[in-house]
Amino acid sequence: VPMVASLDHVGRIKVLLVIVGTAVLSLVVGAAQITGGAGAAFRFYDQFGQYLHGFQGNRGRAADHLLIAIVCTGLVTRYFVQTGAISGRASTVTAVNAAATLVLALGVVLTGSRMGMALIPIAIIAQFLLVRPYVAGSLRVSWLMGIGATAGGLALAVLLSGSPIIGRALARFSSGGE
């Protein structure tokens, strides 16, 4: 079995696409897990869990997979810009990454993993640094956009905290144990 390091550029991009694709599929399965409740058909491992597990055995691993996919989305976007599959305009790059990041970050929150939720800003910063060359403007403007996106994400989290599912995940920070 060849290792990723031995693959050419296109092969490595395919690996990144598999990571992002399986994360999206994991979100679809996770949505069925959450809406199906206890004993749902898509609950492969934890039949009575209240959180998104996707294809993983526990929510921590699911959060890790989604966080890695957030970073990989930045690399995939770079590749699509380089090949002309999407426009290199800053607004297009920002929109693609913002939409993908929002969906994947919401998935991380739905896992209920405290460490996963705490690592969302780190994954977003890493992704931002990867797509930075494709966002027009000065470094100051780019950092302001990043700060604005982070503030928007936090505001969205506060607004969604009224949802029982999101509220349950965010409430894990107020308890000392499981």
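What counts, and where the lines are drawn
- Residues numbered from 1 in each chain as written.
- Predicted model: local features only at pLDDT ≥ 70, side-chain atom pairs only at ≥ 80, totals over all residues.
- Heavy atoms only, no water.
- Helix = DSSP H or I, 4+ residues; strand = E, 2+ residues; numbered from the N terminus.
- Buried < 20%, exposed > 50% of the residue type's maximum accessible area, 1.4 Å probe, protein only.
- Contact = heavy atoms within 4.5 Å.
- Areas by Shrake-Rupley, 256 points an atom, 1.4 Å probe, with all protein chains shown as cover.
- Axes fitted to C-alpha atoms, helices over the stretch in contact; angles between N-to-C directions.
- Parallel < 35°, antiparallel > 145°, perpendicular 65-115°, else oblique.
- Phe/Tyr/Trp six-rings, centres within 6.5 Å; stacked < 30°, edge-to-face > 60°.

Side note on the overall build of the chain
- Per the secondary structure count, the chain includes six helices and zero strands.
- Helices and strands in the chain line up, N terminus first, as α-α-α-α-α-α.
- A total of 178 residues make up the chain; the buried ones form 33% of that total.
- Long-range contacts, defined as pairs at least 24 residues apart, comprise 61% of the intrachain contacts of the chain with a sequence gap of at least 6.
- Carbon and sulfur atoms provide 72% of the accessible area of the chain, an area that totals close to 9,700 Å².

Remarks on the packing of helix H2 (residues 59–83) against helix H4 (residues 114–131)
- Where H2 meets H4, the closest approach of the two axes is 8 Å, and the angle between their N-to-C directions is 10 degrees. Considered as vectors, H2 and H4 are oriented roughly parallel to each other. Residues Ala 63, Leu 67, Ile 70, Val 71, Thr 73, Gly 74, Leu 75, Thr 77 and Arg 78 of H2 form the contact with H4, whose own contacting residues are Gly 116, Leu 119, Ile 120, Ala 123, Ile 124, Ala 126, Gln 127, Leu 130 and Val 131.

Details of the environment of Leu 27
- As for its placement among the helices and strands, Leu 27 is situated in helix H1 (residues 9–36).
- Taking relative accessible area as the criterion, Leu 27 reaches 12% and is therefore assigned buried.
- For Leu 27 and Ala 62, which are 35 residues apart along the polypeptide, the C-alpha to C-alpha distance reads 9.3 Å.
- Leaving out residues up to four positions away in the same chain, Leu 27 has contacts with Leu 52, Leu 66, Val 103, Leu 104 and Gly 107.

Description of the packing of aromatic side chains
- Under the defined criterion, the tally for this structure stands at one aromatic pair.
- The interplanar angle of 50 degrees and the centroid separation of 6.1 Å between the aromatic rings of Tyr 79 and Phe 80 together place this pair among those described as tilted.

Bear in mind that shape data such as this cannot, by itself, settle questions of function.
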